[in-house]
Amino acid sequence: MDIQSISQDIIKKAVSGDIQAFEEIYRSASSFVYNIALRTARNREDAQEITQEVFLKVFKSLKDFRFQSSFKTWLYRITVNTTLNMLKKTAHDRRRQFAYHENICNELPLPTAGIETSLEQREQKAQVDKMLEALNPEYRTCIVLREMQGLRYDEIAQALKININTVRSRLKRAREILLKRGGYNELP
Amino acid sequence: MNCHKFRDIIITDYIDGELAEQRKQEIDHHLRECPACRAFAAAVRSMAVDPLKETTLEEPPAFLWTRIQSRLEPAHSGRGTRWLNIAVTLSMFLAMTFTGNYLVSGMLGSATQQETIISAEVTQQLSLSEFNDMPNEQVEEVYNNIIGG
Ligand SMILES: [Zn+2]
């Protein structure tokens, strides 16, 4: 089951308050939402909270969904907005917390690591985390939608409500940052 | 087209498969001829694209649906609900009265107070859409201000 398999019929049932239909939507789409949140927020607890908030929002505003646009991009948009808002909020909270504990701790806590199956996987995840960390949330969101969710430029533009050329320039900037980070020196 | 222009396309549309066939062939042709651009394309793939693509997706924990579901179900009607309704109405009335007073005192209040209110509103309205028309550098700056570096 994936996000493409969600039918109009199911959406209409969910709009009328059918929880089972809504659960079907959740089962098909929660992995996408959760992974965008996880990659952007880089913390499981935040990702769970974002996923919860997204689906509560979806439940509330499903009746406003227009069938002309794709459900996927509509959902991406809600997810990305919720994630960015959460990042702003936690950054603010952390700064306050930090100011308060200034004398006690010198460094912000790193995101907690989960149980990974192999060392290789763990190393790979750590590498991805570091790469994403090098990007600001706007670039990061574009990269996550492109690389991890495989969205086309026009889909990213729709999801973020930005111009397709902005998608292009953000991906370019993000990748240039990653190149520099990787130690690539441009040849003449 | 010079190498610089080619690389702008390589790092975006070419790598992402967004090019029309003819355009793609043009780039392929240049890559065969130009070792520097070939090295660039390889670097982009290995440092900025492939490692991110290989990430395995995670499933959200099973308890999450239960948590969400418990927030979806409408409150059961019963004795408690009536008291709750009264309490809600009462607190809304109090809140309205309070807001009214606050607004009036805000209007009459000092300039500093008004500034505080305005800056709070600005912060609130600073949502994603506001960044759309900004150049990237500016967006970066705003974000750095918000996130704090
Ligand atoms: Zn070249």
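Remember, predicted model here, so these are calculated numbers, not experimental data. (Residues numbered from 1 in each chain as written. Chains lettered and ligands numbered in written order. Predicted model: local features only at pLDDT ≥ 70, side-chain atom pairs only at ≥ 80, totals over all residues. Heavy atoms only, no water.)

(A) Structural view of the interface of chain A and chain B. In this assembly, 62 residues from chain A lie in contact with 49 residues from chain B. In total, chain A and chain B occlude about 5,300 Å² of area from one another, counting both sides; carbon and sulfur atoms represent 58% of this. Applying the counting criterion to the chain A and chain B interface returns six salt bridges. For the salt bridge of Asp16(B) with Arg146(A), the shortest nitrogen-to-oxygen distance reads 2.9 Å. At the boundary of chain A and chain B, one finds 14 residue pairs in polar contact (both at pLDDT 80 or more). Mapped by element, the contributors of at least two residues to the side of chain A that touches chain B are helix H2 (19-41), helix H3 (44-61), helix H4 (71-100), helix H5 (119-133), helix H6 (137-148), helix H7 (153-160) and helix H8 (164-181) of chain A. The biggest single contributor to the side of chain A that touches chain B is H2(A), with eleven residues. Among the residues forming the side of chain A that touches chain B, the class breakdown is 28 nonpolar, 13 polar and 21 charged. (Contact = heavy atoms within 4.5 Å. Buried area = accessible area lost by both parts, 1.4 Å probe. Salt bridge = Lys/Arg side-chain N within 4 Å of Asp/Glu carboxyl O. Polar contact = N/O pair within 3.5 Å; in protein donor to acceptor, adjacent residues only side chain to side chain. Helix = DSSP H or I, 4+ residues; strand = E, 2+ residues; numbered from the N terminus. Nonpolar A, V, L, I, M, F, W, Y, C, P; charged D, E, K, R; others polar.)

(B) Structural context of the coordination of the zinc ion. Residues and elements named next belong to chain B. Distances from the zinc ion to its protein donors, namely Cys3 (SG), His30 (NE2), Cys34 (SG) and Cys37 (SG), fall within the range 2.1 to 2.4 Å. Geometry at the zinc ion is tetrahedral, judged from its four donor atoms and the angles of 102 to 115 degrees they form at the metal. Spacing between the donor residues of the zinc ion along the chain follows C-x26-H-x3-C-x2-C. One end of the pair, Cys3, is in helix H1 (residues 3-14); the other, Cys37, is in helix H3 (residues 35-53), and 34 residues separate them in sequence. (Donors = N, O, S within 2.8 Å, 3.2 Å for Na, K, Ca; no water. Tetrahedral: all angles 85-135°; square planar, octahedral: opposite > 155°, others 65-115°.)

(C) Broad picture of the nonpolar core. Of all hydrophobic cores here, the largest spans 63 residues; its most connected members are Phe71(A) and Leu145(A). For this core, the element with the highest residue contribution is H2(A), accounting for 13 residues. If sequence neighbours within four positions are ignored, Leu145(A) has contacts with Ile36(A), Tyr76(A), Val80(A), Gly150(A), Leu151(A), Ile156(A), Ala159(A) and Leu160(A). Ranked by size, the runner-up nonpolar core spans 18 residues in total, among them Ile10(B), Ile11(B), Tyr14(B) and Cys34(B). (Core = buried A, V, L, I, M, F, W, Y, C linked by side-chain atoms within 4.5 Å. Buried < 20%, exposed > 50% of the residue type's maximum accessible area, 1.4 Å probe, protein only.)

(D) Representation of the packing of aromatic side chains within the structure. Residue and element names in this part refer to chain A. For the structure shown, the criterion picks out nine aromatic pairs over all chains. The interplanar angle of 75 degrees and the centroid separation of 6.3 Å between the aromatic rings of Phe22 and Phe55 together place this pair among those described as edge-to-face. Placement of Phe22 in helix H2 and of Phe55 in helix H3 is noted, with a sequence separation of 33 residues between them. Residue Phe22 is classed as buried on the basis of its relative accessible area, which comes to 0%. Owing to a relative accessible area of 0%, Phe55 belongs among the buried residues under this scheme. Between the aromatic rings of Phe22 and Phe59, the centroid separation amounts to 4.8 Å while the plane-to-plane angle is 70 degrees, which identifies the pairing as edge-to-face. (Phe/Tyr/Trp six-rings, centres within 6.5 Å; stacked < 30°, edge-to-face > 60°.)

(E) Region of the structure containing the packing of H8(A) against H1(B). Packing of H8(A) against H1(B) leaves a shortest axis separation of 9 Å and a crossing angle of 105 degrees. When the axes of H8(A) and H1(B) are compared, the pair comes out roughly perpendicular. From H8(A), Arg168(A), Lys172(A), Arg175(A), Glu176(A) and Leu179(A) reach across to H1(B), where they touch Asp8(B), Ile11(B), Thr12(B) and Asp13(B). Classifying every residue of the contact of H8(A) with H1(B) gives two nonpolar, one polar and six charged. (Axes fitted to C-alpha atoms, helices over the stretch in contact; angles between N-to-C directions. Parallel < 35°, antiparallel > 145°, perpendicular 65-115°, else oblique.)

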